[in-house]
Amino acid sequence: MHPPVTDLFSDELVARLAQARRVAVLTGAGISAESGVPTFRDPGGLWEQFRPEELANVEAFLRNPVLVQGWYAHRRAVVERVQPNPGHHALADLEALVTARPGGDFLLATQNVDGLHERAGSQHLVELHGNLRRTYCTRCGREAEEHEVEAVASGEPARCPACSGLLRPDVVWFGEMLPEGAMDRATEAATHAEVFLSVGTSAAVYPAAGLPLVAKAHGAYVAEVNVERSEIVAHLDEHVRGRAGEVLPALVERVRAWRVP
Ligand code: BJW
């Protein structure tokens, strides 16, 4: 028998979220798993089928642009046919609750490139690893139109119609810098957060994985929501073991209903 979902998180987490003026959240692939987007490192995840070193770095792209462009075209098609799930919506609801408070401040930093948080209505959002739906030219920097990316003769890489440079997805590969200002914004929010939630991430990829630790070092109450224990869980205040799409709506509901005891 599984415990009821509302027993998975502590009363302390509910009380703190109900009273905090500053809340920050980090999400990873796990939050989109229930929408049908594969994670990276879980069994059956993307890295089980494709090695990151063959696909998620610029050398791999230059070695075999057709393979890498094709892989991202496939992932774009997956993302286009799925919907945000109750976990994404619950975080948008939490943002609305917190920002409605006097002095309320909220930031959602996501490692995901699927755009599902934006589609769920999150507004105070920073995409640390870019966005799959944008493509740009590696030579002139121009952002490509969707049809320019997809309409490519088989075996040929997609190229910029303006300068013939190779087109690449606007995502952050290993060894690349994060988008300008993104990490500064997320670090600032983590530094000042009273409560920090880390949701559906293995916390294996830096610098994003350091954000919950920054929050903890600056006095936040830090909880992770994950079906497994992440690499950094021993340093956090609470592990909420469960699916984000079930835990987060229940948590936000309890926060909404909370009254001073
Ligand atoms: C559920 C669930 C459910 C499942 N509910 N939970 C410091 C120390 C060591 C190394 C480094 C360091 N600083 C930098 C590095 C190097 C490197 C790095 O971190 N390497 C590590 C592997 C050690 N980092 C970088 O290179 C970064 N750039 C950088 O640091 O620039 C500065 C610099 C440049 C040059 C020289 C020196 C410094 C860039 C990192 C870019 C990461 N890119 C990717 C690919 C993006 C594009 C794409 O999508 O293809 O981003 S890798 C991949 O991992 C993707 C993800 O965003 C990222 C994180 O994965 P995530 O989201 O955590 O997913 P999973 O699958 O790992 O975990 C899913 C979790 O969900 C699991 O825990 C499940 O249990 C859980 N779950 N279902 C709740 N229903």
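Numbering of residues starts from 1 in every chain and runs along the sequence as written. At least 70 in pLDDT is required for a residue's local features to be given in this predicted model, at least 80 for side-chain atom pairs to be given and counted, and no such filter applies to totals for whole chains, interfaces and linings, which use all residues. Computation of side-chain values: all heavy atoms of the structure, hydrogens and water removed.

S.K.: Pulling in residues and values, what's your account of the pattern of salt bridges?
M.R.: Side-chain pairs of opposite charge can arise where the charged atoms are in close proximity. When a carboxyl oxygen of Asp or Glu lies within 4 Å of a side-chain nitrogen of Lys or Arg, that pair is called a salt bridge. Under the criterion given, the structure shown has 12 salt bridges. The salt bridge involving Asp 93 is made with Arg 256; its shortest N-O contact spans 4.0 Å. Residue Asp 93 is found in helix α7 (residues 86-99), and its partner Arg 256 is found in helix α12 (residues 244-257); the two are separated by 163 residues along the sequence. Note on exposure labels: buried denotes an accessible area under 20% of the residue type's maximum, exposed denotes more than 50%, and partly exposed covers the range between, all computed with a 1.4 Å probe on protein chains only. The exposure class assigned to Asp 93 is partly exposed, which follows from its relative accessible area of 36%. The shortest N-O distance in the salt bridge between Glu 253 and Arg 256 comes to 3.6 Å. In this pair, Glu 253 and Arg 256 both sit in helix α12, three residues apart, roughly one turn of the helix. Under the relative-accessibility criterion, Glu 253 is labelled partly exposed at 44%. Three or more residues joined by partner-sharing salt bridges are found here, namely Glu 34, Arg 243 and Glu 246. Strands here are runs of E lasting at least two residues and helices are runs of H or I lasting at least four, both read from the DSSP assignment and numbered beginning at the N terminus.

S.K.: Which residues make up helix α6 (residues 65-81), and what values do they have?
M.R.: Expected helix span is computed as 1.5 Å times (number of residues minus one). Spanning 17 residues, α6 covers 24 Å between terminal C-alpha atoms, matching the ideal 24 Å at 1.5 Å per step. Looking only at α6, the buried set comprises Pro 65, Val 68, Gln 69, Trp 71, Tyr 72, Arg 75, Arg 76, Val 78 and Val 79.

S.K.: Please set out the side chain of His 117 residue by residue, giving values where relevant.
M.R.: With respect to the secondary-structure elements, His 117 resides in helix α8 (residues 116-120). Here Thr 27 takes part through its side chain, which lies 2.9 Å from a polar atom of the side chain of His 117. In contact with His 117, not counting residues within four places along its chain, are Thr 27, Ile 31, His 88, Leu 91, Leu 108, Thr 110, Ser 122 and Leu 125. We call two N or O atoms a polar contact when they sit within 3.5 Å, provided that within protein one can donate a hydrogen and the other can accept it, with sequence-adjacent residues counted only if both atoms are side-chain atoms. Pairs of residues are marked as contacts when any of their non-hydrogen atoms sit within 4.5 Å.

S.K.: Can you lay out the packing of aromatic side chains for me, pointing to particular residues and giving the numbers?
M.R.: Pairing of aromatic rings covers Phe, Tyr and Trp, the last through its six-membered ring, and needs centres within 6.5 Å; plane angles under 30 degrees mean stacked, over 60 mean edge-to-face, and all others mean tilted. Within the structure shown, the criterion is met by three aromatic pairs. For the pair Phe 61 and Trp 173, a centre-to-centre distance of 5.4 Å together with 40° between the ring planes defines the contact as tilted. Pair noted here: Phe 61 is in helix α5 (residues 58-63) and Trp 173 is in the loop between β5 (167-171) and α10 (182-192), with a separation of 112 residues, a long-range link. Judged by its relative accessible area of 1%, Phe 61 falls in the buried class. Overall, the relative accessible area of 3% leaves Trp 173 in the buried class. Taken together, a centroid distance of 4.9 Å and an interplanar angle of 80° make the contact between Trp 71 and Tyr 72 edge-to-face. Note on accessibility: Trp 71 and Tyr 72 belong to one class, buried. Aromatic rings pair up to connect Phe 61, Trp 71, Tyr 72 and Trp 173 into one cluster. We call a charge positioned over a ring when the NZ of a Lys or the CZ of an Arg lies within 6 Å of the ring centre and within 35 degrees of the ring normal. Just above the ring of Trp 173 sits the side chain of Arg 168; from NZ or CZ to the centre is 3.9 Å.

S.K.: Any details on the site of the ligand? Residues and values, ideally.
M.R.: If you check the shell around the ligand, you find 37 residues, and the closest are Tyr 72, Arg 75, Thr 201, Ser 202 and Asn 226. Between His 129 and the ligand, the recorded distance is 2.8 Å, taken from a side-chain N or O atom to an oxygen atom. At 2.9 Å from a nitrogen atom of the ligand is found a main-chain nitrogen or oxygen belonging to Ala 244. Per-residue accessibility takes into account occlusion by the displayed protein chains alone, with areas from the Shrake-Rupley method and a 1.4 Å probe. Out of a free accessible area of 1,500 Å², the ligand has 76% covered by protein chains. Listed by contribution, the elements that provide at least two residues to the shell around the ligand are α2 (30-33) and α6. Top contributing element to the shell around the ligand by residue count: α6, with three residues. Proximity criterion: a residue is near a molecule or strand once any of its heavy atoms comes within 4 Å of it.

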